[in-house]
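# Residue-level structural notes
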Amino acid sequence: MRFCRYRRANGQLGEGIERDGSIVPLEQLDSTLPPHLRDWMTLGEALPERLAKLDSAAAIEEPVRLLAPVPHPEKIICVGLNYRDHAIETGAVPPTEPVIFSKLSSTIVGPDDPIILPQLSDRVDFEAELVVVLGSTCRDVEEAEAMQHVFGYCCGHDVSARDWQKEHCGGQWLMGKSFDTFAPLGPYVVHKSLVPEPGNLAIEMRIGDEVMQRSRTNELIFSIPTLISFLSKIVTLRPGDLIFTGTPAGVGAARTPPRFLQPGDHCQVTIESLGTLRNRCVAHDSAEAEQWRKATA
Ligand code: MG
């Protein structure tokens, strides 16, 4: 199951499941449940039963605009320097304990939304990431039980203003990681039943036709169960919380010469089994940026 949120041509918002390129609204599958992915996440083992009508349920006929599949997570937890080759390219020693930071939830945008390059930064960088979507409340779990609390996975882009990440705000990363539109997410949350080996997926970032990052999630220093267990001993994780698991080598700041995002760049994050997340960079004073601000005011 590939879950999504969408906007219909008439402006109506909804949540559904992708089937053969069309979207089946959740309410078509079970009108007794709220039509929200957050509620469906908590079904656990009862989920397949609720999906039994998927083959016969009516799909939306007209094209819809996909939105970020998880719009307002309670937490976006991010892992820094979690691919050995990326840690080395930044000049850091590979960490012996997870490097954890956060992005504000107002950063989230969906597939095909613009990445607005802020006026305040001229060093905006790209980071393709596997994102884990939590499905149940999780506190103080061991690694062996950690994966029970995963709902699914999606592609994420941890857009990062390097100047603000490192040279402002006392060296705290939060603001450099939290400019508006700095967390594209999607196109779907793919249920874990369709991703049997999340720790061994091909991951890639392209800008235009050029491959900038290419790796596999088996290069993670701290695995998904290790991260969930580590985090759950500090904070209570809840359904819909997101974990950005880190980015592989090839980011713009580590290149010679550096390659930062420019207006017009088409970014594509592709992860095996999860699809491709596409977003175009626009200038802060562009018509597209203004349109996005109006639509989200
Ligand atoms: Mg990152």
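Residues numbered from 1 in each chain as written. Predicted model: local features only at pLDDT ≥ 70, side-chain atom pairs only at ≥ 80, totals over all residues. Heavy atoms only, no water.

### Description of the sheet that holds strand 17 (residues 266-271)
Across the sheet, which stays open at both edges, the five strands sit in the order 8-18-17-14-15 with mixed pairing between neighbours. Among the strands making up the open sheet, the edge pair consists of strand 8 (114-117) and strand 15 (210-216). The sheet shows a mean angle of 20° between the axes of neighbouring strands, direction not considered. Across the sheet, helix 8 (residues 287-295) touches strand 8 and strand 18 (275-283), and the angle it forms with strand 8 is around 110°. (Pairing = 2+ DSSP bridges. Helix = DSSP H or I, 4+ residues; strand = E, 2+ residues; numbered from the N terminus. Axes fitted to C-alpha atoms, helices over the stretch in contact; angles between N-to-C directions. Contact = heavy atoms within 4.5 Å.)

### Comments concerning the domain arrangement of the protein
Taken domain by domain, the protein holds domain 1 (2-67) and domain 2 (76-296). Put simply, the middle of domain 1 and the middle of domain 2, counted by C-alpha atoms, are 25 Å apart. Listed by partner, the interface residues are 13 residues for domain 1 and 16 residues for domain 2. Counting the surface lost from both domain 1 and domain 2, the interface buries some 1,200 Å², and carbon and sulfur atoms represent 65% of this. In terms of surface lost to domain 2, no three residues of domain 1 exceed R2, F3 and M41, which account for 47% of the buried area on that side. On the surface where domain 1 and domain 2 come into contact, there are one salt bridge. R65 is the partner of D113 in a salt bridge, and the nearest nitrogen-oxygen pair spans 2.8 Å. Where domain 1 touches domain 2, the interface holds three residue pairs in polar contact (both at pLDDT 80 or more). It is helix 2 (residues 37-41) that provides the largest number of residues to the side of domain 1 that touches domain 2, a total of four residues. Here the side of domain 1 that touches domain 2 is composed, by residue class, of eight nonpolar, one polar and four charged. (Domains from an automatic or database assignment. Buried area = accessible area lost by both parts, 1.4 Å probe. Salt bridge = Lys/Arg side-chain N within 4 Å of Asp/Glu carboxyl O. Polar contact = N/O pair within 3.5 Å; in protein donor to acceptor, adjacent residues only side chain to side chain. Nonpolar A, V, L, I, M, F, W, Y, C, P; charged D, E, K, R; others polar.)

### A word on helix 7 (residues 224-232)
The element helix 7 is largely enclosed, with a buried count of seven among its nine residues. Listed in full, the buried residues belonging to helix 7 are I224, T226, L227, I228, S229, L231 and S232. Close packing links the buried residues of helix 7 with strand 5 (76-80), strand 6 (99-102), strand 10 (128-134), helix 5 (143-146), strand 11 (150-157) and strand 16 (242-244). (Buried < 20%, exposed > 50% of the residue type's maximum accessible area, 1.4 Å probe, protein only.)

### Some thoughts on the pattern of salt bridges
Counted according to the given criterion, the structure contains 20 salt bridges. R8 is paired through a salt bridge with E62; the nearest N and O atoms lie 3.1 Å apart. Placement of the pair is R8 in the loop between strand 1 (2-7) and strand 2 (13-19) and E62 in the loop between helix 3 (47-50) and strand 4 (65-67), with a sequence separation of 54 residues. According to the relative accessible area criterion, E62 is partly exposed, its value standing at 28%. With a closest N to O distance of 2.9 Å, E204 and R214 form a salt bridge. Of this pair, E204 sits in strand 14 (residues 202-207) while R214 is found in strand 15, placing the two residues ten residues apart along the sequence. Here E204 falls in the buried class, since its relative accessible area comes to 13%. Using a relative accessible area of 57% as the deciding quantity, one classes R214 as exposed.

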